[in-house]
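So the chains spell out like this:
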Amino acid sequence: MLKKHFILLLFFLPVMMFSQIREKGTVKPRLSGNSSSVQSGDKSTASKQAGSKVSDSIANVDMYKIITIDRDTTYVDTTLTIQNDYKANYLRKDNFGLLAFPNEGQTYNVLDYGLTEYNAFPDFGFKAKHAAYMEVNDINYYHVPTPYTDLFYKSVLSQGQILDALASVNTSDNLNFTVAYKGIRSIGKYINSISSSGNFRFISSYNTSDKRYVLKVHFTGQDISNQENGGITDVDFFESGDPLYTDRERLDVYNKDATSLMKGNRFFVDHTFRLSKSNPNSLVFHHQFNYENKSFLYTQPTANQRFGDFYTSSINNKTRYNRLYNMLGAAYSNEDIGMIEFYLEDYTYNYFYKRIIFGDNFIPNAINDRINTYGARYTYHKDKLKGSVLFSNSITNQSLANIQAYARYTFDEQNVLSFRYQNMNKLPDLNYRLYQSGYIDYNWFNEFKNEKINSFEFEAKTQWLDASMQYTVLNDHLYFERNEVAFDEDEIEPVIVSPAQYDGTINYLSIKAAKEFKFGKFGLDNTALYQNVTQSDKILNVPDFITRNTFYFSDHFFKKALFIQTGVTFQYFTKYYANDYNPLLGEFYVQDKKKIGDFPLMDFFLNAKIKTFRVFLKYEHFNSSFSGYNYFSAPSYPYRDAVIRFGVIWDFFS
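Cut-offs used in this document
- Residues numbered from 1 in each chain as written.
- Predicted model: local features only at pLDDT ≥ 70, side-chain atom pairs only at ≥ 80, totals over all residues.
- Heavy atoms only, no water.
- Salt bridge = Lys/Arg side-chain N within 4 Å of Asp/Glu carboxyl O.
- Helix = DSSP H or I, 4+ residues; strand = E, 2+ residues; numbered from the N terminus.
- Buried < 20%, exposed > 50% of the residue type's maximum accessible area, 1.4 Å probe, protein only.
- Core = buried A, V, L, I, M, F, W, Y, C linked by side-chain atoms within 4.5 Å.
- Contact = heavy atoms within 4.5 Å.
- Phe/Tyr/Trp six-rings, centres within 6.5 Å; stacked < 30°, edge-to-face > 60°.

A. Layout of the pattern of salt bridges. Evaluation of the coordinates by the stated rule reveals 28 salt bridges. The partner of Asp 72 in a salt bridge is Lys 386, with the nearest N and O atoms 2.6 Å apart. Here Asp 72, found in the loop between strand E3 (65-67) and strand E4 (73-75), pairs with Lys 386, found in strand E18 (residues 385-394); they are 314 residues apart in sequence, far enough to count as distant. Owing to a relative accessible area of 17%, Asp 72 belongs among the buried residues under this scheme. Between Glu 228 and Lys 129 there is a salt bridge whose closest N-O contact spans 3.9 Å. Of this pair, Glu 228 sits in the loop between strand E12 (213-227) and helix H4 (235-240) while Lys 129 sits in the loop between strand E6 (108-110) and strand E7 (141-143), and the two are 99 residues apart along the sequence.

Right, here's the structure in full:
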């Protein structure tokens, strides 16, 4: 892993050195200390200036555009706010509703079920391994008037670091190249818990001067490696608070030599072409291409009874997957009525192993299929209103359908209302259908019904309060469950997990509210989430209440050259039957034996900013030694002990 980091550093250095060279006529950046990230859609003076050709010698921060695949635009944000403090983590996004595992770079337990996203096509599975995996919607595209570099560094829990580096340059007003890499290595506090991963991105975008042709393309190469100890064997030792076991390496774990590795490469292209050279009311042709291959490998040189009986004494499970997606559409674009698009999708996948298992049940080595769908999309974006309606259905024999509707009305920068609806008939993820392992009970080949998801979401961002509500109805919900297995008291209790489908209906409701109060130089930021699940059995389990509250002080010093922000963040969630983690599957499974929650998490932080340099110092979970050792991320995995961590974000604009 270190060798890979060194090679990528050699690649980055020329790019970063080039970004510092100012060619004749290059604009100089003008940085506003109070600039913030806002959504596009309003034809403001700033956005007009950012979109026009730069003729003077000053570049404003709002000219450094960050563009999503859906063409929403934000700007580089160099401010130091509480919201940006929440994003200074491994995922580089606000992780409210996610509960981190003992070591950085491991998975997260999901407290907020509203964060779950669905795809009507069958996915690879192994969802717990995808917490830090960057999907198509996670890749942003850039347009910058001068070379731009973003550097993020943060210390980890023990012996290692996180580094995320991005360099972006426009070789012309129409063509952008961006290279980025995020890497982590962390030893961790527990036996066999090293994390080591990398996310490489090469991104480019191009458009003709008249925007007749628009191209977005990216390549990602990602690997996520974790030593998998399976959790601690006796939680009583941890909960006792005995000083002997506060050295976490003295706590015994289930697996001392198991490792998981998920790898993936993706090549993605999205481009559109307007038929008319001058008339904006014209036919537009749209093509999207996505090729991706993934693999999940679980190795364990010495098998044990934790996952039951085994075929061989050494476990080497490798699941392989690739997919090829093409979408071809034709649309009519009109400035007054919006865009109406009709499209066809072709989705081919291959999910396979290199062996066939003959036994009580025949387990084949592969699942592959080709799915074709047709669909229509209507998009409207004018003045303060943006909306879209999408419908798709399968042409081939597979039963697959998706209906989506979205609307957003922007009164002004502080007041935005949005609505989203989704009705999906989803094909099962592939690891529910087929899995092979050296452990005997972890081999299956199933046929499941499609999952049905019906979801409504409302969101209001106002100057008084940010609030959202989600109501979701799930039918034929797929999940992993633990099977009851008899065992001798002197042996390790086996964890036998298999996929299951719930034949009842699950109703999920969430209400979320956020509000920041300011009193002079003091502030109080609050976020609260209420969740309610109606079901006949305990299948979808979430905490009823989650809260995060931050009280802080901020002020300028040294003639406003230095900005300081310091305070305390309090987090809490109620007790519930949290899903446990199975490293063999890279998945969470439902359990009803142990509740976790009802413990406070308190962080003290001191942040500072000088121009575009921001530093984050945080004493995480500082209350761990005096509020009781009852904190867990999952029933077998303790949450993190108190630790002091340091982070830096530094942006360069020339």
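B. Structural view of the nonpolar core. The biggest cluster of nonpolar side chains holds 57 residues, and the ones touching the most others in it are Tyr 351, Tyr 435 and Tyr 442. Non-local contacts of Tyr 435, meaning those with residues more than four positions away in its chain, are made with Phe 126, Asn 317, Thr 319, Tyr 353, Ile 363, Tyr 442, Asn 443, Trp 444, Leu 584 and Leu 585. Counting residues in each nonpolar core, the second largest holds 36 residues, with Tyr 108, Phe 238, Ala 578 and Phe 599 among its members.

C. Spatial organisation of the packing of aromatic side chains. All told, the structure shown has 50 aromatic pairs when counted by the stated rule. Between Tyr 113 and Tyr 508, the aromatic rings sit 5.4 Å apart at their centres with planes inclined by 70°, giving edge-to-face as the arrangement. Separated by 395 residues along the polypeptide, Tyr 113 in the loop between E6 and E7 and Tyr 508 in strand E27 (residues 505-519) bring together distant segments of the chain. Tyr 508 matches Tyr 113 in its accessibility class, with the two residues each being buried. Centroid distance Tyr 374 to Phe 391: 6.2 Å. Interplanar angle 65°. Geometry classified as edge-to-face. Of this pair, Tyr 374 sits in strand E17 (residues 366-382) while Phe 391 sits in strand E18; the two residues are 17 residues apart in sequence, bridging distant segments of the chain.

Remember that the coordinates give geometry; whether it matters functionally is a separate question.
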